[in-house]
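An overview of the molecular structure
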Amino acid sequence: MKAKQYNTKSIYFPDRITEAMDGIFAHPLTIVEAPMGYGKTTAVREHLKSTGAHVLWQRVNDSSTNSYWHGFSRLFGKVDEDCSQSLVQLGFPNDSVSRLEALKLIEDIELPAQTVLVIDDYHLIDSSDVNSFIELLVRNEIDNLHIVITARFTELPNLEELMLKGYLHHIAKETFELRPKEIIKYYRLCGISLKETEAAKLYSFTEGWISALYLFMLDYIKEGNFTTIINISKLVEKAVYTPFSEEIKDFLLTLCIFDCFTLEQAIHMWQKENAGKFLTEITNKNAFIKYDERTKTYQIHNIFSNFLNDVLESKHVKNELYRRAADWFLKTGDYTEAMHYFYSCKDFDNLLLALEEEKSKSINVEYNKELLIKYFEECPAEVKAKHHFALLIFAIRLFSLNEIVLFDKACGEFIRNLQMDESLNDDLRKRFLGEYELLMSFTKYNDITKMSEQHQKAGNLLSETSSLIYANGSWTFGSPSVLYMFYRETGKLERQVKDLIGALPYYYKLTDGNGNGAEYMMEAERYFNLGDRENAEITVNKALHKAQSNTQIGIITCAIFLQIRLNLIKGDYSSIEDLFRKMREDITRRREYLFIHTLDICEGYIYSLLKQTDKIPEWIARGDFNSRRLQFPVLAMLNIVYGRVLLIKGDYLKLIGSSEHFIGIASVFPNLLGQIHTYIYLAAANKQIFRANEALDALKQALEIAMPDRVYMPFVENCDYIKPLLEQLSREGMYREDITRILELSTTNQRAVEQITKEYFMGEKPQLTEREMEIAQLAADGLTNKEIGERLFISPNTVKTQLKSIFEKMGVNSRALLKLHIETQK
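Counting restarts for each chain, with residues numbered from 1 along the sequence as it is written. Thresholds applied to this predicted model are a pLDDT of at least 70 for local features of residues and 80 or more for the giving and counting of side-chain atom pairs; totals over whole chains, interfaces and linings are not thresholded and use all residues. To get the side-chain values, all heavy atoms of the structure are used, and hydrogens and water are removed first.

**Some points on the overall build of the chain**
When its secondary structure is counted, the chain shows 43 helices and eight strands. Projected onto its principal axes, the C-alpha positions of the chain cover 110 × 80 × 40 Å. Going through the 826 residues of the chain one by one, you find that 56% of them count as buried. Contacts were defined at the residue level, with two residues in contact if any of their heavy atoms lie within 4.5 Å. Contacts in the chain between residues far apart in sequence, at least 24 positions, make up 70% of those at least 6 positions apart. When the accessible surface of the chain is split by element, carbon and sulfur atoms take 48% of a total near 36400 Å². Within the chain, the 115 negative side-chain charges are centred at a point lying 2 Å from the centre of the 98 positive side-chain charges. Secondary structure is summarised from DSSP: a helix means a run of H or I of at least four residues, a strand means a run of E of at least two, and numbering begins at the N terminus for each. When a residue's accessible area, from a 1.4 Å probe over protein chains only, is under 20% of the maximum for its type it is buried; when over 50% it is exposed; and in between it is partly exposed. Where accessible areas are quoted, they stem from the Shrake-Rupley method and a 1.4 Å probe; at the residue level, only the protein chains shown are allowed to cover. For the charge count, each Lys or Arg is scored as positive and each Asp or Glu as negative, with His and the chain ends excluded. In this description, the location of a charge corresponds to atom NZ of lysine, CZ of arginine, CG of aspartate or CD of glutamate.

**Some thoughts on the sheet that holds strand E8 (residues 297–300)**
Note: two strands are recorded as paired if DSSP finds a minimum of 2 bridges between them. Here three strands make up an open sheet; going across it, the order is E6-E8-E7 and the pairing antiparallel. The sheet terminates laterally at strand E6 (260–261) and strand E7 (289–292), the two strands that pair on one side only. Direction of pairing for E7 relative to E8: antiparallel, over a ladder of four bridges. The partner of Lys290 across the bridge, within E8, is Gln299.

**A word on the pattern of salt bridges**
Where charged atoms from two side chains of opposite charge approach closely, those side chains can pair. Any carboxyl oxygen of Asp or Glu that lies within 4 Å of a side-chain nitrogen of Lys or Arg is treated as forming a salt bridge with it. Per the stated rule, a full pass over the model turns up 44 salt bridges. Glu489 serves as the salt-bridge partner of Lys492, at 3.0 Å between the closest nitrogen and oxygen. Exposure remark for Lys492: the relative accessible area of 39% places this residue in the partly exposed category. Between Arg644 and Asp720 there is a salt bridge, with the nearest N and O atoms lying 2.7 Å from each other. Here Arg644 is found in helix H33 (residues 635–649), whereas its partner Asp720 is found in helix H38 (residues 719–731), with 76 residues between them in sequence. Note on Asp720: relative accessible area 27%, which makes it partly exposed. Here the salt bridges do not stand alone but share partners, grouping Glu135, Arg139, Glu161 and Lys165 into one network.

**Notes on helix H27 (residues 518–530)**
Compared with an ideal rise of 1.5 Å per residue, which puts 13 residues at 18 Å, H27 spans 19 Å between its outermost C-alpha atoms and is within 8% of the ideal. Among the residues of H27, those classed as buried are Ala518, Glu519, Met521, Met522, Glu523, Ala524, Glu525, Arg526, Tyr527, Phe528, Asn529 and Leu530. Contacts made by the buried residues of H27 are with helix H25 (482–486), helix H26 (493–511), helix H28 (533–549), helix H29 (553–570), helix H37 (713–717) and helix H39 (736–761). Directly beyond the C-terminal end of H27, a positive phi value near 90° is found at Gly531. For a helix, the expected span equals 1.5 Å multiplied by the number of residues minus one.

**Description of the state of the cysteines**
By disulfide we mean two sulfur atoms from cysteines, separated by a distance within 2.5 Å. Considering all chains together, one arrives at zero disulfides under this definition. In this structure Cys345 is a free cysteine whose sulfur lies 13 Å from that of Cys379, the closest cysteine sulfur available.

**Quick look at unusual backbone geometry**
A negative phi angle characterises most non-glycine residues, just as the trans form characterises most peptide bonds. In this structure, the amide linkage connecting Tyr445 to the following residue, Asn446, adopts the cis form with an omega of -20°. Note on placement: Asn446 falls in the loop between helix H23 (426–441) and helix H24 (448–461). The step from Phe669 to Pro670 runs through a cis peptide bond, and the omega angle for that step is 0°. Note on placement: Pro670 falls in the loop between helix H34 (652–666) and helix H35 (672–688). Unusually for a residue other than glycine, Asp121 sits at a positive phi of about 60°. Structurally, Asp121 can be placed in the loop between strand E3 (115–120) and helix H6 (128–139). The class for Asp121 is buried, based on a relative accessible area of 7%. Not every positive phi belongs to a glycine, and Phe793 is a case in point at roughly 60°.

**Looking at the nonpolar core**
Buried Ala, Val, Leu, Ile, Met, Phe, Trp, Tyr and Cys residues that are joined via side-chain atoms within 4.5 Å together make up what is termed a nonpolar core. Ranked by size, the top nonpolar core spans 283 residues in total, and within it Tyr68, Tyr186, Tyr187, Phe304, Phe715 and Leu726 carry the most contacts. Residue contributions to this core peak at twelve residues, all from H29. Each residue touching Phe304, except ones within four places of it in the same chain, is listed here: Val236, Val240, Tyr241, Phe244, Leu252, Phe288 and Ile289. By size, the runner-up hydrophobic cluster in this structure holds 17 residues, among which are Ala776, Leu792, Leu803 and Phe807.

**Focus on the packing of aromatic side chains**
Under the pairing criterion, centres of Phe, Tyr and Trp rings, with the six-membered ring standing for Trp, must be within 6.5 Å; the plane angle then separates stacked pairs below 30 degrees from edge-to-face pairs above 60, leaving the rest tilted. One pass over the structure, following the stated rule, counts 42 aromatic pairs. Taking the centre distance of 5.4 Å and the plane angle of 70° together, the rings of Phe251 and Phe278 count as edge-to-face. One end of the pair, Phe251, is in helix H12 (residues 246–255); the other, Phe278, is in helix H14 (residues 275–285), with 27 residues separating them in the sequence. For the pair shown, Phe251 and Phe278 are each scored as buried.

**Section: empty space enclosed by the protein**
A pocket, in this scheme, is an open set of points on a 1 Å grid over the protein atoms alone with protein on both sides within 12 Å along at least 5 of 7 lines, while a cavity is a set where a 1.4 Å probe fits but cannot get out; residues line either one if an atom lies within 4 Å of a point. Grid points are joined across faces, edges and corners, and a volume is the space filled by probe spheres set on the points. Under the defined criterion, the tally for this structure stands at six cavities of 30 Å³ or more. Size it by volume and the largest cavity reaches roughly 80 Å³. What lines the largest cavity is a set of 14 residues, and nearest its centre among them are Arg565, Tyr605, Met637, Leu673 and His677. For the lining of the largest cavity, the element with the highest residue contribution is H37, accounting for three residues. Any residue outside Ala, Val, Leu, Ile, Met, Phe, Trp, Tyr, Cys, Pro, Asp, Glu, Lys and Arg is labelled polar, Gly included; the first ten of those are nonpolar and the last four are charged. Of the residues belonging to the lining of the largest cavity, the class tally is eight nonpolar, three polar and three charged.

**Let's talk about the sheet that holds strand E1 (residues 29–33)**
Sheet architecture is open: five strands sit in the order E2-E3-E4-E1-E5, paired in parallel fashion. Edge positions in the open sheet fall to strand E2 (54–59) and strand E5 (168–171), since each of these has one partner strand only. Each neighbouring strand pair of the sheet contributes to a mean axis angle of 15°, computed without reference to strand direction. Inspection of the sheet shows E1 paired to strand E4 (residues 145–151) by five bridges, in the parallel sense. For Glu33, the partnering residue across the bridge sits in E4 and is Ala151. Against the sheet, helix H3 (residues 65–75) engages E2 and E3, with an angle of about 165° to E2. Axes here refer to lines fitted to C-alpha atoms; in helices the fit is confined to the stretch in contact. Angles between the N-to-C directions go from 0 to 180 degrees.

**Re the environment of Leu725**
Examined against the element boundaries, Leu725 turns out to sit in helix H38. What makes Leu725 buried here is its relative accessible area of 6%. Setting aside chain neighbours within four positions, we find Leu725 in contact with Ala683, Lys687, Ala695, Leu696 and Leu699.

**Details of the confidence of the model for the chain**
Looking at the chain as a whole, the pLDDT averages 90, with 96% of positions reaching at least 70. In the model of the chain, helix H43 (residues 815–825) stands out as the element of lowest mean pLDDT, 70, in contrast to H37, which has the highest, 98. pLDDT measures the predictor's confidence residue by residue and takes values from 0 up to 100. Across residues 361–365, confidence stays below pLDDT 50; counting only partners more than four residues off in sequence or on other chains, it has six contacts.

Laid out in structure tokens, this is it:
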């Protein structure tokens, strides 16, 4: 029997759903998991609306981790705009270092009480890195933050453990299935009275699936009886699509290529002013298209969107719609989306124009490697022939991604196209060739003379600064040492320093000062390695002033690191701590997050010299160098630190076994400092296992490389392991004067290290109270704050406060380091 009035947009939740949603505020993470159309998003949204929670809502539209991260970061702008910008600049945290930095940024936000972060359609991401980051947030139980994930399916690797430990509240599909009596209540709310037999029949057709029940209802209202159609696509067509006018059908097909869209976007796509009127009519009549007041966007339900896209496949307007969409994103400055839609309609000409425009307007552009390669390889040769600058952009990006074969291909195409292009005037041809010569200088890395030849060729062709290289771009690849980067030939270090001093002005002119101060940095490091601390200190300050005047964070970091090493020799640990603090502040204030790894390398280097294993960054201690953020030229520097870590941990066999790999990495460019340190470590490790001949042979190799340039400091800093070997070689008449100087320097160095160790690492540390000891042990055992609170009869907030005190007293900043510290004390 029909009711007099229908309200098909009524929302009905059984008590079972409401009770399940109540668990959101009792857990750091709630996963709402059910197939498409079960009402999970609506249930979460309406429940949170009724609780007055502060909601941060992100809808995932595709599998791009960069898009996901951009949306995620922007959410926090409503609470802390500065933090939001820092998260954007950090980029997607795809390794342990960047994940911890992101965690720290979010922990520092003062979130309102009952803040809920909703990530809707999470299944679209399908990324183990995103899963790891979410798990990190959850396990750290950030004050006032509850995370809700809605997904058709989830693949969090530690799902069961998270549930057992009370971190996770899991709401499954069964919660959303309406039973026959609930179907009766739902229909009654919408104005339809059902018999129990009708409800039972509907349940047998739908198994309680709310979207199918809604479609059956629309059809019932129109026909006066229940259809026997159970194909969902046919139901959508009959109950939702067919009743619309032909013009509105065309309107819907115009917009279904988007997951969500604004009114302005709809007007642009429809190209008529009645778009707003149509949207009002559609949303008033239909629950499959909704307007989100918070984001000011319209969203088409996935069931209806899938149907519309199937209809669109049979039309011949898809490419035109893609082109309109690309124009919209180009107009709004979203170049990534613009290129995506130009690619979809195979308009490579405009795709390359978008690539060129993006480069001209954006300093820091993160490229998706797979997409970049796909665009490059599929773009027709005749299109690339018209876009010389785009080919240069492809080339420099491919080089930075270490795709050398494709880089060579791009360069070859560029030169051929330029030679064949008779339409170019001389000025433009010279400009393109100048940019190309500058690009070619990267292929000559770390040969100062050959790089400078390329820079001078570029300078003769370019009448203004480069459009490829920005003044504030990273010059050091994240290395904390310029000398490490360019010291490549035995016996020629002094000459190489002079070459760099002579070469860099040409490069500075081309790039508006990129890397400013690098020449003085290398000169200061040479003085330091000679043991000439006075000139090292004078020159490093000269480098620092030059770098600061041009905001060169890479050179500033190198300068601070050298100042730290100088203070180590003075035994001034308080200044070392201050300088590390300053380094971190410079990096985070300027949001130069490439250098958070550099900071860790510097700390790992210093604390390995002080033999403080618990203060060495965990990823370095593990030798986990697989991060996509680490650029290849810095790997030999990492091995310098890791080799020393293996040495102080007593992993002598592993160190000896790794030495060939270390030498291989340090021989690519080459990096002589990497080779010198490796042979020193090899000597030390062999000595420790009583292989005297192998130890002496390795040390001779190190001395053979280093002594022609009087590079003393690698030996000085490792005299705690190799002093007897040096003394033996000196007695045998080898490098007697040099070894005498090394031993003199090592006396001062060792005295300073011993003084710092005695004053800061051997004295009475702040003692943990008995209760803090209990909490520390339970946390190290893997218990959550909630579990610790239940075990000790205190609140989770008290546990969190106590853990902060424990971290400060023990000099650690994570549960992982706490566990490591406790294990080493046993």
